[in-house]
Each structure stands twice: as structure tokens, then as C-alpha cells.
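Okay, here's what each chain looks like letter by letter:
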Amino acid sequence: MWPYLIIASLLALAAWLAWRLRRSQAEAEQLRTQNASLADGQRLAALQARAQETAVFNSMVEGLVLLDGQGRIQLANRQFSRLFGAGDNLTGKTIIEAARMHEVAELVDGLSADEPAHGAELRLPGLPDRWLEVNAAAVFDTQQRRKGTVVVFHDLTRLKKLERNREEFVANVSHELRTPLSLIKGYTETLLDGAKDNPEVSLKFLQTIDRNAERLKLLIEDLLTISELESGRIRLQLQPVALKPLVDKLCEDFKPRAASRDVTLVNEVPDLTANADSDRVQQVISNLVDNAIKYGGSEGTVTIRGRTGQDGTIELCVADNGPGIPEDARERIFERFYRLDKARSREQGGTGLGLSIVKHIIQCHGGKVWVESEPGKGSRFFFSLPQG
């Protein structure tokens, strides 16, 4: 009996051990699966975090480079590659290999534990002019060994252009104000010194003073208009504007001026209606017609035309049959104070702001302005307005 009981117990123990073994194996397999899943999740999370970091770096408007302790690139974002045309795979390269500018390398190499950060403005080689603000900062350990460096590149080109425009604007305004003021002061002093006692001379001098005072007034008015347009302070009074009668009235107003130069004004604008500020549209057409009379040549014809554009806007054109505009000047003709013929423009009494005012008024209406011209074949100034 006992032998059978012992054998049965051993068999039961063996069965239990086999079951425990299978269960342990299943638990181990489940644990391995869980660990693998956890590892995959960690790898996925790490990849997602790296992708997010890369996306953040590449979305920066500044160029960014991270260097290791040996000065080799560990990370360079997309803007850095754009600024220097350096390509995509820059890992392991030095900063001078990637940027190809010794000034940048010298800035980075010049960092020390005593001066771990430094910045400079650099001009990129080539045309057009491009300027960068470069800021570099390095990390050093307690033994003053460099552990890494971060270099940030900020594009200053637009700010430099704005600064240059401001300087040119101030210089131009100063020049434009100085000329009539000098004439007014000179003729006034001459009158005070005794010329006032000669009626013929005093009349001539006073007419000159009056003419230059008017020139100053027009310049100041145009400067105020430009300032208001550029700052957005002007509020347009939009309403349906019938263009044909408006041009008829302007042609009538300009008839004496046109007759003095034997210029014929022709209104070929059909029955068109624009959604615009009537006073500002008159200002635009007046500036264009005035320029066409002044610079289109004597005994010529100035024609105002209109049509509906392909995009549904209203397009007007002021055309003359004068000497035309060279191709290189057409790109700058709408700049403030730009003059094709400076001597002739000052002789005619222009402020150099008329076409710039035209451009800003049309842009405020959501339209565009452009010029078509060939030397010897006249000029055609176009502008568009929303349809009324």
C-alpha cells in the first residue's frame, strides 16, 4: 500500500512541478513581451521627442548650430543651411567647413572661460547684400576645457535695409527742404539789403520767394500724406465711384496746364464704377496726369483709358507719348524721391513723392500699380481698383 501511495505522491508532485514550470515559462514569456513592448514604447517616445525637437529647431527663424567639445557640428537647423547654402548632412563638420566664413570660425575659436559669450555683425559675401548678427556661447568645465558651443545666426538684412532707407529718406528730405529755404533766405536778405526799393526787382524776387514757399508747402503736404499712408492712419471712404465723369472733371482742371505745354488731354474711360475713395482716386489720377504733362514732352498727347481686368477689377491707365522710361528705372520709379532726371525734375518743381503716394493709395484699396514703357515710345502707368 505504502509504495503505491509514495508513487502516487511522486507522480502528483511531478505533475505539479511540470505545471509550475509551464506557468513560470508562460509568465516569463509574458514578462519578456511586456518588456519588449515597454522598450518599443520607450524607443517610440524617444523618437517622437527627437522629432519634436528637430521640428522646433527647424521652425526657428534664426540659424542654430550646436558644436561638441572638439568644435564638430552635432546639430544644425534648416535655417542655418539656408543662410549659408550648406546642405543637410552637416554632422561632424567644423563650423568653417559648413559656413565657409573665417569670421564665424574666429568668433567661435575666440571664446574662453573668461569670455564664454560673444557676438558680432557680419556681412555675407555676394549680392544682394545680406547681414547677420552672430552670437556664440561656450560651456567650460572646472578645468576650463570646452564641453560644447551654441551659435545663433539672426538675419539682419531687412533691418539693415530699413535703416538704409531711413538714412536715405532723411538725407533726401534735408536736401529737398534746404534748396527752397536757401533761395527764400537769399532773396529775402537781398530785398532787406535794399532791393525792395526797386519795384521791378522786388516783384521778381517776391515771385521767386512765393514759388519756393509753395514748393515747401507741397513737399510738407506730400510728406504728411506718405506718413499717414504708411502708418495706416488714413481711413478710406469707400463708395461707388463713376470714373468717366471723374476723369472728365480732372481733364477740365488740367486744361490750362496742358495748354501751356501744347499737350492734348484725351479721356477714353468707358462707363466704369469702382468701389473706392473718390478723393484718393482723384489724387492718384492727378499725380499721374501731372507727371505725364511734365515729363511726356511738349506737343504730345496724354490719354486716360479704362477697362475691366481679367480678375474682375477695374484697371485705369494714364499714357503719354514722351521719351519713355529705361528698364532699370522702371523697378525704382515708385520709390520715394527717386528721380529719373534729377535736374529736370527739380526744374519742374516736383517733390519726388508723387508716384510713391500713388502706390500707397492703390495698395490701401487692395489694388496694384505698375508701369509699361520703352525708351522713345512713351509710358503707360496702370493701376487697379475693386469693382463697384
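What comes next is a walk through the structure. (Residues numbered from 1 in each chain as written. Predicted model: local features only at pLDDT ≥ 70, side-chain atom pairs only at ≥ 80, totals over all residues. Heavy atoms only, no water.)

## Comments concerning the sheet that holds strand E4 (residues 130-140)
In sheet architecture, strand pairing relies on hydrogen bonds along the backbone and comes in two forms, parallel and antiparallel.
Inference 1: Strands sit in the order E2-E1-E5-E4-E3 across an open sheet of five strands; the sheet is antiparallel. The sheet is open, and its two borders are formed by strand E2 (73-76) and strand E3 (117-124), each paired with just one other strand. Taking the axes of each pair of neighbouring strands and ignoring which way they run, one obtains an average angle of 20 degrees across the sheet. (Pairing = 2+ DSSP bridges. Helix = DSSP H or I, 4+ residues; strand = E, 2+ residues; numbered from the N terminus. Axes fitted to C-alpha atoms, helices over the stretch in contact; angles between N-to-C directions.)

## Some words on the packing of helix H7 (residues 243-260) against helix H8 (residues 278-295)
Inference 1: Put simply, H7 and H8 touch, their axes get as near as 10 Å, and they point 40 degrees apart. By the criterion of interaxial angle, the relationship of H7 to H8 is oblique. Between H7 and H8 the crossing geometry is right-handed. For the pair H7 and H8, contact is made by Leu243, Leu246, Val247, Lys249, Leu250, Phe254, Arg257 and Ala258 and by Ser278, Val281, Gln282, Ile285, Ser286, Val289, Asp290, Ile293 and Lys294, respectively.
Inference 2: Per-class residue counts for the contact of H7 with H8 are 10 nonpolar, three polar and four charged. (Parallel < 35°, antiparallel > 145°, perpendicular 65-115°, else oblique. Left-handed = near helix turned anticlockwise from the far one by under 90°. Contact = heavy atoms within 4.5 Å. Nonpolar A, V, L, I, M, F, W, Y, C, P; charged D, E, K, R; others polar.)

## Regarding the sheet that holds strand E9 (residues 301-308)
Inference 1: Taken together, five strands build an open sheet; the order of strands is E7-E9-E10-E12-E11 and the sheet is mixed. In this open sheet, the two strands that pair with only one neighbour each are strand E7 (264-268) and strand E11 (369-373). Across the sheet, the mean angle separating the axes of adjacent strands is 15 degrees when strand polarity is ignored.
Inference 2: Strand direction decides the pairing type here: E9 and strand E10 (residues 314-320), joined by seven bridges, are antiparallel. Each residue of the ladder has a partner; that of Val302, found in E10, is Asp320.

Treat this as a map of the structure, not an account of what it does.
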